[in-house]
Amino acid sequence: MFSDDDTIIAPLTAPGHGAVTILRLSGSNSLDIVLPHFFTKSLNRFKSLSSHFFYYGFICDKGVSLDEVMVVYMAAPKSYTCEDVVEIHCHASVAVVRAIIDVFVKSGVRIAEPGEFTYRAFKNGRIDLSHAEAIADLIAAKSSMASQLALRQMKGALSDRVYGFKDKILSMLALIEAYIDFPEEDIETQHALSIQGDCEFLLLKIEETLSGYDEGKILRDGFSLLILGKPNVGKSSLLNLLVGEDRAIVTNIPGTTRDIIQETITLHGYPITVIDTAGIRESDDPIEQDGVLRAKKQIQSADVVLYMIDGSQPFDGSIFQDIELLPSDRFIFVINKCDKPDFDFPKEHLSSFLNFSISVKENIDVDRLINGILDKLNLKSQHYDESVILSDRRHKEVLIRCYSYLKDFKAAFESGQSDEFLALHLREALQALGEITGETTPDDILNDIFGRFCIGK
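Here the residue index of a chain counts from 1 through its sequence in written order. With pLDDT at 70 or above as the cut-off, local features in this predicted model cover only qualifying residues; side-chain atom pairs require 80 or more to be listed or tallied, and sums for whole chains, interfaces and linings still use all residues. To get the side-chain values, take all heavy atoms of the structure and skip hydrogens and water.

### Here's the deal with the packing of aromatic side chains
Each Phe, Tyr or Trp ring (for Trp, its six-membered ring) is paired with any other whose centre lies within 6.5 Å, and the angle between the two planes then decides the class: stacked below 30 degrees, edge-to-face above 60, tilted in between. Scanning all chains against the criterion turns up 10 aromatic pairs. Ring geometry for Phe38 and Phe46: centres 4.3 Å apart, planes at 15°, overall stacked. Given the relative accessible area of 0%, Phe38 is considered buried. Overall, the relative accessible area of 13% leaves Phe46 in the buried class. With 6.4 Å between their ring centres and 55° between their planes, Tyr119 and Phe122 make a pair best called tilted. In this pair, Tyr119 and Phe122 are both assigned in helix α3 (residues 116-123), three residues apart and thus about one turn of the helix distant. Note on accessibility: Tyr119 and Phe122 belong to one class, buried. Site record: aromatic cluster; members linked through ring pairs are Tyr119, Phe122, Phe450 and Phe453. The classification of residues rests on relative accessible area computed with a 1.4 Å probe and restricted to protein chains. Under 20% of the type maximum is buried, over 50% is exposed, and intermediate values are partly exposed. Strands are runs of DSSP state E lasting at least 2 residues, helices are runs of H or I lasting at least 4, and numbering of each runs from the N terminus.

As structure tokens, this is what we get:
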């Protein structure tokens, strides 16, 4: 892991992409390192800075001004890392930023590793591990729903629930251990009922928390929507309609789309990767054949597959050969061109499939299709207004393990096994929950979590 003793520096904002870049130094020597290089407009050196006040001046090196800056000092523990922190607001020129960083590196400061500021906040007790992960999620949020989900976790929604679980388990463990100290006594009825009640409550609440994972994961990461079908049924037109621009070429010539086209959009608050593919048909063109093969390969990884057909054309029985390739639980039939006067698609052919009739050209019932897609994924936002939505696979796996230990405890308790054995199951459940908050998380997992952060966070 990182060294906790060094004073570190990194830009919080990318240089060269705006008017101002913020440089952050963190460590016990931060202020002592900055002061010799921070001068007033009249080139008098600042001798001290009060905490949490902005100061105007110049960063200088050997009497040469490098930039006009604003500097704020935040004394420990009232800073992001709970250490002494100095932030320098300088102009965003790459040359200026590099020059200022070089000055402090020569003074003994080290360039921060990705996630190192947040790691220090975690190690110094300002945040727990679930808060740290939420910060990374907020930075990477692909939609307003995803950012709200991360923000709720940053405010402690998940950790508060986990600490509530831990308190219940500790209460149960205290009772069990009290009887370990007096092996000649059996657990009293009132205590037994209390332990059983707490265990049932925990199992129910963990099930509740786990039930929101599928929606939470999609809120955070989004889902993929694959559009398949024969040539010229409107696949590329649907992509363009959803994206809101002419992303794919639309012509009356079959086989126009020969490769995979992907666009990420937000619909009803959910981030969606829409994938347009080559029309599925037999062809002598090797390029088109490759496009069709790529389209078929996308089927297994897509969260939802739309199979489009042209409802204004005679029914083509060969589509059932294509349908055999599709996952029944993730597949929706889309009958396009319902605005055409000759639209008369025999729906009895599709009675066993979820299907929607739409017109991409006239934008008829496309919203209905979108709602059908969300329903297919069970995305009805029933968890959206609740305080906790599970979205991280690591948290899910930890809670599943905790649930399993509690189930083992329940079975052992009901079968009258020894108090020592009962206590072991509860300690295992506590150990698992500690991996969410960071108290018992192995170093390799910590390295992986903080390694996902950008430099400067």
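### Here we look at the side chain of His131
Relative to the helices and strands, His131 is located in helix α4 (residues 129-140). Engagement of the side chain of His131 in a polar contact is seen with the side chain of Asp128, the distance being 2.6 Å. In the analysis that follows, any N or O atom pair within 3.5 Å is treated as a polar contact, provided that within protein one partner can donate a hydrogen and the other can accept it, and provided that, for residues neighboring in sequence, both atoms belong to side chains. Within the structure, the side chain of His131 is placed 3.3 Å from the backbone oxygen of Met154, a separation counted as a polar contact.

### Looking at the sheet that holds strand β1 (residues 8-11)
For two strands to pair, DSSP has to find at least two bridges joining them. Across the sheet, seven strands lie side by side as β3-β4-β5-β6-β2-β1-β7; this open sheet has mixed pairing. Looking at which strands have only one partner, the edges of the open sheet turn out to be β3 (38-39) and β7 (110-111). Strand direction decides the pairing type here: β1 and strand β2 (residues 20-26), joined by four bridges, are antiparallel. Counted as the bridge partner of Ile9 is Leu25 from β2. The contact definition used throughout considers only heavy atoms, calling two residues in contact when any of these lie within 4.5 Å. Geometry is summarised by axes, namely lines fitted to C-alpha atoms with helices restricted to the contacting stretch, and by angles between N-to-C directions that run from 0 to 180 degrees. Relative to strand β5 (residues 64-74), helix α2 (residues 94-106) is tilted by about 70°, and along the sheet it contacts β1, β2, β4 (54-61), β5, β6 (85-91) and β7.

### With respect to unusual backbone geometry
Each neighbour pair has its own omega, and for Ala76 with Pro77 the value is 5°, a cis peptide bond. Relative to the helices and strands, Pro77 is located in the loop between β5 and β6. Unlike most non-glycine residues, Asp365 shows phi in positive territory, near 60°. Mapped onto the fold, Asp365 is located in the loop between β13 (355-357) and α12 (366-376).

### Here we look at the packing of helix α5 (residues 144-154) against helix α8 (residues 213-221)
Remark: α5 packs on α8, axes separated minimally by 7 Å, with the N-to-C direction vectors making an angle of 115°. By the angle between their axes, α5 is roughly perpendicular relative to α8. Helix-helix and strand crossings are classified by hand; for α5 and α8 the assignment is left-handed. Contacts between α5 and α8 pair Met145, Ala146 and Leu149 from the former with Gly216, Leu219 and Arg220 from the latter. In the scheme used here, Gly and all other residues not listed as nonpolar or charged are polar, with Ala, Val, Leu, Ile, Met, Phe, Trp, Tyr, Cys and Pro taken as nonpolar and Asp, Glu, Lys and Arg as charged. By residue class, the composition of the contact of α5 with α8 is four nonpolar, one polar and one charged. With respect to orientation, any angle under 35 degrees is reported as roughly parallel, any angle over 145 as roughly antiparallel, any angle of 65 to 115 as roughly perpendicular, and every other angle as oblique. Note on convention: near helix rotated counterclockwise from far helix by under a right angle means a left-handed crossing. Clockwise means right-handed.

### Observations regarding the environment of Ala150
Within the secondary structure layout, Ala150 lies in helix α5. As for Ala150 and Ile389, which are separated by 239 residues in sequence, their C-alpha atoms are 9.5 Å apart. Among residues more than four places away in sequence, those in contact with Ala150 are Ala134, Asp137 and Leu138.

### Things to note about helix α9 (residues 235-243)
Of all nine residues making up α9, seven are buried, and the element is well covered by its neighbours. When we look at burial in α9, the residues that qualify are Lys235, Ser236, Leu238, Leu239, Asn240, Leu242 and Val243. Lining the buried residues of α9 we find β8 (223-229), β9 (261-267), β10 (270-276), β11 (304-310) and α12. Downstream of α9 by a residue or two, Gly244 has a phi angle that is positive, lying close to 90°.

### Quick look at the pairing of β9
Inspection of the sheet shows β9 paired to β10 by seven bridges, in the antiparallel sense. Opposite Thr266, over in β10, you have Pro271 as the bridge partner. A loop of two residues connects β9 with β10, the two strands running antiparallel in sequence, and His268 in this loop sits at a positive phi of about 55°.

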